[in-house]
Amino acid sequence: MLGKRWQWVIAAVAAVLLPIQALAAEVVTLPYVRESSTEITVKIPPENVPEAGVNPLTGESWEGAYHPVMVQIDADPDALPHWGVAAADVMYEMPLHMAGNTRSVALFMSNMPPYAGPVRSSRVPMASLREMWGAAWVFCGTQQDWRGTNTTIDVADFVLSFHEEARQGGRWLFPFLDGIDGQYTQLFERRNDGNHVAPHNLSIYTQGVSSLFTYEPAKRPFQFTDEPLNRGTDVSGITINYREKKPRFISSYEYDPSTELYTRYRENVPYIDGISGETCRYSNVIVLYTRVDWYNGAQSRPVIRLIGQGTADIFQNGKWIRGSWVRGAGEGQQYEMDEKALDGRMVFFDESGKELTFQRGKTFIQIVDEHRLDVSVTTNEYIEGGNPQPTPKPTKTPRPTRTPKPTRTPKPTRPPLRQVPAYTKSYVVITNDLAKIRMKPGTDGILLDYAYEGETFIFLGRKNNKWLSLQLPDGTVGYVSAGMAKVVGEEFAK
């Protein structure tokens, strides 16, 4: 029988161990959020006053002209590593395809990298962000709709509604730079670095873009603080899973207490700048919840609400608080095509309804569909309404089996045929077994993609009767030889 002294020791050890076991970290899916709304029910605070010598986007020391450059970044895993992103002051990621594919936006101002990319095509939600920042906007191709004016998904229709002078002779003019139409060809380059192939290899010379400014847009400063966030729930990791069926397009973060920064990961590997080799880290991570729809059910035509108000998860200093976001012309009902609403800055509020004070440094904003449980955190605290994810049971090591006899390599199968919606009146049909889609008409045009017999694409026009212009599902404009395809319903495209 143990003596009293040993009984006391055992009890003391047990008292220490029990709390440790109770506080074991687990992965918890964050609770559902309130639906966003186009009606603003809170008072929008006035613009923050820019401070001399302070970067309005990061709160850090800075001198120079305010010339923001916004670049569409290809978020496909095949486009990694991205170039120049470690220099971006603010970054966004948002849904691009119903399956879960995303696209990123990098906002550069204080530090222009030698080049950035890979650059891909634009969408209307990104055009909405550009209006807020007044930035030079770099993209390669735009989502289009040939059935008349459509400001919901057609980028040109949306932009020209507010900037009639943005295009001349069918080409974009500064501050809009399209890598397809040749207006600023000298600033774009296809890079052959061994890791990227078309269409994931187009870069932009950001310093050259910045030099085109002849004015300063209105600054939209965040509020900043030197005091770390000391309230909220302790969270050491964040995961945003945009694609549910296949584990791709996963963005995650790990908090480092020694630096007070969040290290970003893509596809569970560090998010590295392909120029400097630097791992990207952020002082503020914000998950912006909003309504995401798909125009007429089309899988690659996102309609994302960025006007009105909604919920935001805010991560700073290893803490999580649930706040909100607001953007518009004032209290009351907001309209997507209201110039004042689009010009309004996006304001983030903390859990008490006060304007959020940002930690000095870079910020990443993840835009997610408010109707999906895509966001989980690693925490050792209880989260009301959270959904702990079960730890998978270890599986038994299978017994070794005999090595099967080698079989013949099966013939490669074609990918699923891409088809335009049934209601499309004018479209291109591939008639050859295999056709090359090029960036410009002519055999010297850069190869964008392959198309197979029977695939259909939206018809955009003819070039010299030898090439057909078409639109790929992601909005990119390409060209196919007229000898390898035919046009159905061409009369409806005129």
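Scroll up to find the structure.
In this text the structure is predicted, and so the values were computed from the model without any measurement.

Draft legend 1. Region of interest: the overall build of the protein. A tally of helices and strands in the protein yields 5 helices and 36 strands. The buried share of the protein, reckoned over its 494 residues, is 52%. Within the protein, counting contacts between residues at least 6 apart in sequence, those at least 24 apart form 69% of the total. Carbon and sulfur atoms provide 51% of the accessible area of the protein, an area that totals close to 24,500 Å².

Draft legend 2. Structural context of unusual backbone geometry. Between L80 and the following residue, P81, the backbone shows a cis peptide bond with an omega angle of -5°. Position of P81 relative to the elements: it lies in the loop between strand 3 (69-73) and strand 4 (90-95). With an omega of -5°, the peptide bond between G117 and P118 qualifies as cis. When you line up the elements, P118 lands in the loop between strand 5 (102-108) and helix 2 (124-133). The phi angle at N464 is positive, at roughly 60°, despite the residue not being glycine. With respect to the element layout, N464 can be found in the loop between strand 33 (456-463) and strand 34 (467-471). On the accessibility criterion, N464 (68% relative accessible area) is exposed.

Draft legend 3. Region of the structure containing the environment of I367. Note on placement: I367 falls in strand 27 (residues 363-369). With a relative accessible area of 0%, I367 lands in the buried category. Sequence spacing of I367 and S104 is 263 residues, and the spatial spacing of their C-alpha atoms is 10.0 Å. In this structure I367 touches Y92, E93, M94, P95, Y242, L288, T290, I304 and L306, once residues within four positions along its chain are discounted.

Draft legend 4. Region of the structure containing the pattern of salt bridges. For the structure on display, the rule yields 22 salt bridges. Of the charged contacts, one joins D350 and R231 as a salt bridge, the two residues approaching to 3.2 Å between their closest N and O atoms. Of the two residues, D350 is situated in the loop between strand 25 (347-349) and strand 26 (357-359) and R231 in the loop between strand 12 (223-225) and strand 13 (233-234); the sequence distance between them amounts to 119 residues. Among the ionic pairs, R266 bridges to E267, the shortest N-O distance being 2.8 Å.

Draft legend 5. Structural view of the packing of aromatic side chains. Under the defined criterion, the tally for this structure stands at 16 aromatic pairs. Between F139 and W172, the ring centres sit 5.7 Å apart and the planes meet at 90°, which makes this aromatic pair edge-to-face. With F139 in strand 6 (residues 136-139) and W172 in strand 8 (residues 171-172), this residue pair connects regions lying 33 residues apart in the sequence. Here F139 falls in the buried class, since its relative accessible area comes to 0%. Judged by relative accessible area, which is 1%, W172 ranks as buried. The structure contains a cluster of three or more aromatic residues connected by ring pairs, namely W133, F222, F224, F348 and F358. Looking at R147, its charged tip hangs above the ring of W146, at a distance of 6.0 Å from the centre. Residue placement shows R191 over the ring face of Y115; its charged tip is 3.6 Å from the ring centre.

Draft legend 6. Broad picture of the nonpolar core. Residues V138, L177, I204, V209, I238 and F315 are the most contacted members of the largest nonpolar core, which totals 51 residues. Setting aside chain neighbours within four positions, we find V209 in contact with V69, A136, V138, F174, L177, L187 and I204. Ranked by size, the runner-up nonpolar core spans 50 residues in total, among them V124, V155, W172 and W294.

Draft legend 7. Geometry of the environment of R191. With respect to the secondary-structure elements, R191 resides in the loop between strand 10 (188-190) and strand 11 (202-204). As a C-alpha pair, R191 and L202 span 11 residues in sequence and 6.3 Å in three-dimensional space. Dropping the residues within four chain positions of it, R191 is found in contact with W83, Y115, H196, N201 and S203. Among the polar contacts listed, one links the side chain of R191 to the side chain of E189, at a separation of 3.1 Å.

Draft legend 8. Molecular detail of the pairing of strand 16 (residues 261-266). Counting buried positions along strand 16 yields 5 of 6 residues, so the element is predominantly enclosed. The turn linking strand 15 (residues 250-256) back onto strand 16 is made up of 4 residues, and E260 within it adopts a positive phi angle of 60°. Both strand 16 and strand 18 (residues 281-282) contribute to a ladder of 2 bridges, which runs antiparallel. Residue Y262 lies in a different strand from strand 18, and its bridge partner there is Y282. Pairing of strand 16 with strand 17 (residues 269-270), which is carried by 2 bridges, proceeds in the antiparallel orientation. Residue pairing in the sheet places Y265 in a bridge with P270 of strand 17. Hairpin connection between strand 16 and strand 17: a loop of 2 residues separates the two successive antiparallel strands, and E267 in this loop has a positive phi of roughly 55°.

Draft legend 9. Fine view of helix 2. For helix 2, the tally of buried residues reaches 10 of 10 residues, placing the bulk of the element in the interior. Along helix 2, the residues that are buried comprise V124, P125, M126, A127, S128, L129, R130, E131, M132 and W133. In the stretch just after helix 2, G134 is the one whose phi turns positive, near 65°.

Draft legend 10. Quick look at the pairing of strand 4. Of all the 6 residues making up strand 4, 6 are buried; the element is thus mostly covered by neighbouring parts of the structure. Here strand 4 runs beside strand 27; their pairing, made up of 4 bridges, is parallel. In the strand pairing of strand 27, E93 is matched with Q366. As paired strands, strand 4 and strand 5 are joined by 6 bridges and run antiparallel to one another. Looking across to strand 5, one finds that M94 is bridged to R103. As consecutive antiparallel partners, strand 4 and strand 5 are separated by 6 residues, and within that stretch G100 has a phi angle of approximately 120°, a positive value.

Rules used in this analysis
Residues numbered from 1 in each chain as written. Predicted model: local features only at pLDDT ≥ 70, side-chain atom pairs only at ≥ 80, totals over all residues. Heavy atoms only, no water. Helix = DSSP H or I, 4+ residues; strand = E, 2+ residues; numbered from the N terminus. Buried < 20%, exposed > 50% of the residue type's maximum accessible area, 1.4 Å probe, protein only. Contact = heavy atoms within 4.5 Å. Areas by Shrake-Rupley, 256 points an atom, 1.4 Å probe, with all protein chains shown as cover. Salt bridge = Lys/Arg side-chain N within 4 Å of Asp/Glu carboxyl O. Phe/Tyr/Trp six-rings, centres within 6.5 Å; stacked < 30°, edge-to-face > 60°. Lys NZ or Arg CZ within 6 Å of the ring centre and 35° of its normal. Core = buried A, V, L, I, M, F, W, Y, C linked by side-chain atoms within 4.5 Å. Polar contact = N/O pair within 3.5 Å; in protein donor to acceptor, adjacent residues only side chain to side chain. Pairing = 2+ DSSP bridges.

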